[in-house]
Amino acid sequence: MSDTIEKVKCLIIGSGPAGYTAAIYAARANMKPVLYQGTQPGGQLTTTNEVENFPGYPEGITGPAMMMELQAQAERFETDVRDGWITKVDFSGDVHKVWVNEEKEIHADTVIISTGASAKYLGLESEQKYLKLGGGVSACAVCDGFFYRNHEVVIVGAGDSACEEAHYLSKLCKKVTMLVRRDEFRASKIMATRVKNTENIEILFNTETDEVLGDGQVVTGVRVKNNKTNETQDIDATGFFVAIGHKPNTDIFKGFIDMDETGYIKNVPGRALTNVEGVFVCGDAADHVYRQAVTAAGTGCMAALDAERYLAAKDSTFEVSTSNYN
């Protein structure tokens, strides 16, 4: 083996609630985890102003502050947290090989994938402006809907997830305007019927977002255009929700790890196991249903425990730690 190759017992790819939780459990099990934070250290929560639905924070906490605390907790147990991202992997042999920034090569006994998924946005300049400001643009109704109680909001999307989020918002908001690009939903009939029958949801078919309006700090409305007539109108709203899907950050694992048609990694039900021995997955890289910080953290725990047991079964000198069960 070349001197330039580093060998580690547990490599965690990606940060966020899943990666940091996996690191905490792996470190307490004496697996000496090395964690690479990736292109977005802390994951999607670093773009969230307020987190009020994660247990243990009665007054709420900002997403960046929460990720800093999780990182500090992982480092307390001597997790080696590093900058950089994994650019290539080779899981074809007995050794799990990965490359960092296309240069450094690492051989890992176990690999935990926690690369997450990125929400898709429309790409409008005004949309991105208010997203970065935290001023009213969101891709998660369950996360942020509470802040718009008794307000009027707009949501973009036509699939099951969009219908589900619109219905969720309808229970909190005074009015929900739903923008559907075509003349029909892509959603299942039962989900489409549910939103059509909800009194405070107005559906605008053949309608696209022209611009997100605001006062420079927060969203005040949305300009929409009918793609059949080219007519535009301004809709008053304090929140703009985008529900056009997520893209799992899993491209580098293609050809080695089994995935669904969208790119979400397939795991053994109820476990963090993938089709490759010694490679585990947690968080939004596999979860396309819940996509919550608390569920990501839970699967991070599962991945570390599964990795710990894998090592114990493979190496008789490695014992499962009792510290993770106390």
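Refer to the preceding data block for the structure.
Read on for an overview of the structure. (Residues numbered from 1 in each chain as written. Predicted model: local features only at pLDDT ≥ 70, side-chain atom pairs only at ≥ 80, totals over all residues. Heavy atoms only, no water.)

**Considering the pairing of strand 11 (residues 201-204)**
Okay, step 1: Both strand 10 (residues 175-179) and strand 11 contribute to a ladder of 4 bridges, which runs parallel. Bridged to Leu179 within strand 11 is Leu204.
Okay, step 2: Handedness of the strand 10-helix 6 (residues 189-196)-strand 11 crossover: right-handed. (Pairing = 2+ DSSP bridges. Helix = DSSP H or I, 4+ residues; strand = E, 2+ residues; numbered from the N terminus. Right-handed = clockwise from strand over helix to strand, strands pointing away.)

**Re helix 2 (residues 63-76)**
Okay, step 1: Along its 14 residues, helix 2 runs 20 Å from first to last C-alpha, staying within 8% of the 20 Å computed at 1.5 Å per residue.
Okay, step 2: Within helix 2, burial applies to Gly63, Met66, Met67, Leu70 and Ala74. Along helix 2, the residues classed as buried sweep out an arc of 95° about the axis, all on the same side. Exposed side chains of helix 2 directed beyond 90 degrees from the buried face belong to Met68 and Arg76.
Okay, step 3: At its buried positions, helix 2 is contacted by helix 1 (16-28).
Okay, step 4: Of the residues flanking the start of helix 2, the one acting as N-cap is Thr62, its side-chain oxygen 3.2 Å from the backbone nitrogen of Ala65.
Okay, step 5: Glu78 lies just past helix 2 and shows a positive phi near 70°. (Expected span 1.5 Å × (residues − 1). Buried < 20%, exposed > 50% of the residue type's maximum accessible area, 1.4 Å probe, protein only. Arc of directions from axis to C-beta. Contact = heavy atoms within 4.5 Å. Polar contact = N/O pair within 3.5 Å; in protein donor to acceptor, adjacent residues only side chain to side chain.)

**Concerning helix 1**
Okay, step 1: Over its 13 residues, helix 1 extends 18 Å from the first C-alpha to the last, a length consistent with the 18 Å expected when each residue adds 1.5 Å.
Okay, step 2: When you tally the buried positions in helix 1, you get 11 out of 13 residues, the bulk of the element.
Okay, step 3: Burial in helix 1 covers these residues: Gly16, Pro17, Ala18, Gly19, Tyr20, Thr21, Ala22, Ala23, Ile24, Ala26 and Ala27.
Okay, step 4: Buried residues in helix 1 make contact with strand 1 (5-13), strand 2 (34-36), helix 2, strand 6 (104-113) and helix 7 (293-314).
Okay, step 5: Once helix 1 finishes, Asn30 follows within two positions and takes phi at roughly 65°, a positive value.

**Focus: the side chain of Thr21**
Okay, step 1: By the secondary structure assignment, Thr21 is in helix 1.
Okay, step 2: Setting aside its immediate chain neighbours within four residues, Thr21 contacts Ala297, Gly300 and Cys301.

**Some words on the sheet that holds strand 10**
Okay, step 1: Reading across the sheet, the 5 strands line up as 8-15-9-10-11 and stay open at both edges, with parallel pairing between neighbours. Edge strands, defined here as strands with exactly one partner in the open sheet, are strand 8 (137-138) and strand 11.
Okay, step 2: As paired strands, strand 9 (residues 152-156) and strand 15 (residues 239-242) are joined by 4 bridges and run parallel to one another. Within strand 15, the residue paired with Val156 across the bridge is Val242.

**Considerations on the packing of helix 5 (residues 160-170) against helix 6**
Okay, step 1: Two elements in contact, helix 5 and helix 6, have axes separated by 9 Å at closest approach and are oriented at 30°. Viewed along their axes, helix 5 and helix 6 adopt a mutual orientation that is roughly parallel. The chirality of how helix 5 crosses helix 6 is left-handed. Facing Asp160, Cys163, Glu164, Ala166 and His167 of helix 5, the residues of helix 6 in contact are Met191, Ala192, Arg194 and Val195.
Okay, step 2: Its residues placed into classes, the contact of helix 5 with helix 6 shows 5 nonpolar, 1 polar and 3 charged. (Axes fitted to C-alpha atoms, helices over the stretch in contact; angles between N-to-C directions. Parallel < 35°, antiparallel > 145°, perpendicular 65-115°, else oblique. Left-handed = near helix turned anticlockwise from the far one by under 90°. Nonpolar A, V, L, I, M, F, W, Y, C, P; charged D, E, K, R; others polar.)

**Quick look at a positive patch on the surface**
Okay, step 1: A contiguous patch of positive charge on the surface is contributed by Lys120, Arg181, Arg182 and Arg186.
Okay, step 2: Residue placement: Arg186 occurs in the loop between strand 10 and helix 6. (Patch = residues over 30% accessible without salt bridge, like charges linked within 9 Å, V, L, I, M, F, W, Y side chains within 5 Å. Areas by Shrake-Rupley, 256 points an atom, 1.4 Å probe, with all protein chains shown as cover. Salt bridge = Lys/Arg side-chain N within 4 Å of Asp/Glu carboxyl O. Lys, Arg positive; Asp, Glu negative; His and termini not counted. Charge placed at Lys NZ, Arg CZ, Asp CG, Glu CD.)

**Observations concerning the state of the cysteines**
Okay, step 1: Taken as a whole and assessed by the stated rule, the structure comprises 1 disulfide.
Okay, step 2: What pairs with Cys140 in a disulfide is Cys143, and their sulfur atoms sit 2.2 Å apart. Disulfide Cys140-Cys143: the torsion about the S-S bond is 70°, which places it as right-handed.
Okay, step 3: Of the residues examined, Cys140 reaches a relative accessible area of 14% and is grouped as buried.
Okay, step 4: Distance from the sulfur of Cys10, which forms no disulfide, to the nearest cysteine sulfur (Cys282) is 9.7 Å. (Disulfide = S-S within 2.5 Å.)

**Thoughts on the sheet that holds strand 12 (residues 207-214)**
Pairing between the strands of a sheet is mediated by backbone hydrogen bonds and can be parallel or antiparallel.
Okay, step 1: Taking strand neighbours across the sheet as the criterion, the 3 strands line up as 12-13-14 in an open arrangement whose pairing is antiparallel. Across the chains shown, the open sheet's two edge strands, defined by having one partner strand only, are strand 12 and strand 14 (232-236). Direction aside, the axes of adjacent strands within the sheet are offset by 25° on average.
Okay, step 2: Here strand 12 runs beside strand 13 (residues 219-226); their pairing, made up of 7 bridges, is antiparallel. Across the sheet, residue Leu213 finds its bridge partner in strand 13, namely Gly221.
Okay, step 3: Sitting on the sheet, helix 3 (residues 125-133) is in contact with strand 12 and strand 13, with an inclination near 50° to strand 12.

**A word on the packing of aromatic side chains**
Okay, step 1: Tallied over the full model, the rule gives 7 aromatic pairs.
Okay, step 2: When the ring of Phe91 is compared with that of Phe253, the centres are 6.4 Å apart and the planes differ by 15°; the resulting orientation is stacked. With Phe91 in the loop between strand 4 (86-90) and strand 5 (96-100) and Phe253 in the loop between strand 16 (246-248) and strand 17 (279-281), the pair connects residues that are 162 residues apart, well separated along the chain.
Okay, step 3: Taking 5.4 Å as the distance between ring centres and 80° as the angle between the ring planes, the aromatic pair formed by Phe185 and Phe205 counts as edge-to-face. Of this pair, Phe185 sits in the loop between strand 10 and helix 6 while Phe205 is found in the loop between strand 11 and strand 12, placing the two residues 20 residues apart along the sequence.
Okay, step 4: Joined through ring pairs, the aromatic side chains of Phe91, Phe253 and Phe256 make up one cluster.
Okay, step 5: Arg28 extends its terminal NZ or CZ atom over the ring of Phe77, reaching a point 5.4 Å from the ring centre. (Phe/Tyr/Trp six-rings, centres within 6.5 Å; stacked < 30°, edge-to-face > 60°. Lys NZ or Arg CZ within 6 Å of the ring centre and 35° of its normal.)

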